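Each chain, written out:
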Amino acid sequence: NKSKIINIPHGTLAPHYNKYDKIFKKNISEGIFYKKSDYFVCQTKIANEFLKTEKFIGKILKGNIILGAENNKRKHNKQILYAVANKSFHNQQLVGFENFYEYYENLNFFNRDNFFRNYRFKIQLHPSIYHLKNLLEKKFRNLIFEKSNLEKNLSESFLVISFSSTVIEDAILSNSPVILYDRHNRYRHYKSKKFENLDILHYVVKKKMLKKKIHEIYTSSPKNYSEVVYDEAVKKNVSNLVEILKN
């Protein structure tokens, strides 16, 4: 009997929106999407839109199976989580990833602007810059730098700010709104009319608008997660997957 191939990606697959993004999304998808797999675990409806562009003919298993964080502490500690995918110099890509100087500028902004003192601002370090933790802590004393505990940090944060990262999908699956902060107006990780007006997923360029959106999200309760995520519980999704593996 032929063995079944089940593709379980941990990444942010999304449909492309121009010729440059098409190249970038193709490069990213090669590491986490196998077109000939028998089953593909599709955790969000955004990823499902990507599958439509790829004309995937296998069976799609819909629902979250990786993160099961319950987000019920966020308004008690007013925590914001900033998480981006940093690349080492020899792995750098000009499209789709934040350059280190952009990342550094953002840290400087978050550290200096008094607006952010109203919140507990935590930085989820990417593994590629773990070795810089002590230096960054000395430079940016108003920020908290964290190496691990992503699921815990997501569960305790009322908001995630990112540029491009797997954390974007992780946050949405953990019922945490996301702001895509692109201060140089050069890359938008998700761009789709279908997901344009969601109060859980925002695209922001200006600093003033970023602060406005943070305040709006904190003082409101975004609820339209069902527009992006599937309703099935994590345990049920995992059980369904186990049954497939057993048969």
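From a predicted model like this one, the values you see are computed outputs, not experimental measurements.

Student: Any chance you could explain unusual backbone geometry here in plain terms?
Tutor: Outside of glycine, negative phi angles account for most residues, and trans bonds account for most peptide bonds. One non-glycine residue, Asn149, adopts positive backbone phi at about 60°. Looking at the element boundaries, Asn149 is found in the loop between strand E6 (144-146) and helix H6 (150-155).

Student: Could you clarify how one ought to interpret the side chain of Ser29 in this entry?
Tutor: Position of Ser29 among the secondary structure elements: in helix H1 (residues 19-29). Given the relative accessible area of 7%, Ser29 is considered buried. Not counting chain neighbours up to four residues away, the residues in contact with Ser29 comprise Leu13 and Phe50.

Student: Mind showing me how you'd approach the pairing of strand E2 (residues 39-42) here?
Tutor: Two faces, one strand: in a regular strand the side chains alternate between the faces of the sheet. Along E2, one buried face is formed by Tyr39 and Val41 and the opposite face, lined by Phe40 and Cys42, is buried too. Note: strand E1 (residues 6-7) against E2, 2 bridges, orientation parallel. Paired with Ile6 across the two strands is Tyr39, which belongs to E2. Read from E1 through H1 to E2, the crossover connection turns out right-handed. Across 4 bridges, E2 lies against strand E3 (residues 59-62) in parallel orientation. Directly across from Val41, in E3, lies its bridge partner Leu61.

Student: Whenever I open this one, the environment of Asn240 confuses me. Can you help?
Tutor: Of note, Asn240 is situated in helix H9 (residues 234-246). With 23 residues separating them along the chain, Asn240 and Ile217 place their C-alpha atoms 35 Å apart.

Student: It is not clear to me how helix H4 (residues 100-112) should be interpreted in this structure. Could you clarify?
Tutor: Given 3.6 residues per helical turn, the α-helix brings residues three or four places apart onto the same face. For H4, with 13 residues, the first-to-last C-alpha span of 18 Å sits near the 18 Å given by 1.5 Å per residue. By the burial criterion, the buried members of H4 are Glu102, Tyr103, Asn106, Leu107, Phe109, Phe110 and Asn111.

Student: Please explain the sheet that holds E6 as it appears in this structure.
Tutor: Remark on secondary structure: sheet strands pair via backbone hydrogen bonds, oriented parallel or antiparallel. Taken together, the 6 strands give an open sheet; going across it, the order is E6-E5-E4-E7-E8-E9, and neighbouring strands pair in parallel fashion. Of all the strands in the sheet, just E6 and strand E9 (201-204) have a single pairing partner and so form its edges. Pairwise comparison of adjacent strand axes, ignoring direction, gives a mean angle of 25° for this sheet. Alignment of strand E4 (residues 79-82) against strand E5 (residues 120-124), held across 4 bridges, turns out to be parallel. Bridge pairing links Gln79 to Arg120 in E5. Strand contacts of H4: E4, E5, E6 and strand E8 (178-181), with the helix running at about 165° to E4, the strand carrying the most contacts. Contacting E4, strand E7 (157-162), E8 and E9, helix H8 (residues 207-219) runs over the sheet at an angle of about 155° to E7.

Student: Looking at this model, I keep getting lost on the environment of Lys208. Mind explaining?
Tutor: Along the polypeptide, Lys208 turns up in helix H8. Taking the C-alpha atoms as reference, Lys208 lies 45 Å from Lys59; in sequence the two are 149 residues apart.

Student: Can you walk me through the nonpolar core in this structure?
Tutor: For soluble globular proteins, the rule of thumb is that nonpolar side chains tend to be buried together. Residues Ile161, Leu210 and Ile214 are the most contacted members of the largest nonpolar core, which totals 33 residues. Among the elements of the structure, E4, H4, E5, E7, E8 and H8 are those that each provide at least two residues to this core. Setting aside residues no more than four positions away along its own chain, Ile214 makes contact with Ile80, Phe115, Phe116, Tyr119, Phe158, Leu159, Ile161 and Ile179.

Reading the values: rules and limits
- Residues numbered from 1 in each chain as written.
- Predicted model: local features only at pLDDT ≥ 70, side-chain atom pairs only at ≥ 80, totals over all residues.
- Heavy atoms only, no water.
- Helix = DSSP H or I, 4+ residues; strand = E, 2+ residues; numbered from the N terminus.
- Buried < 20%, exposed > 50% of the residue type's maximum accessible area, 1.4 Å probe, protein only.
- Contact = heavy atoms within 4.5 Å.
- Pairing = 2+ DSSP bridges.
- Right-handed = clockwise from strand over helix to strand, strands pointing away.
- Expected span 1.5 Å × (residues − 1).
- Axes fitted to C-alpha atoms, helices over the stretch in contact; angles between N-to-C directions.
- Core = buried A, V, L, I, M, F, W, Y, C linked by side-chain atoms within 4.5 Å.

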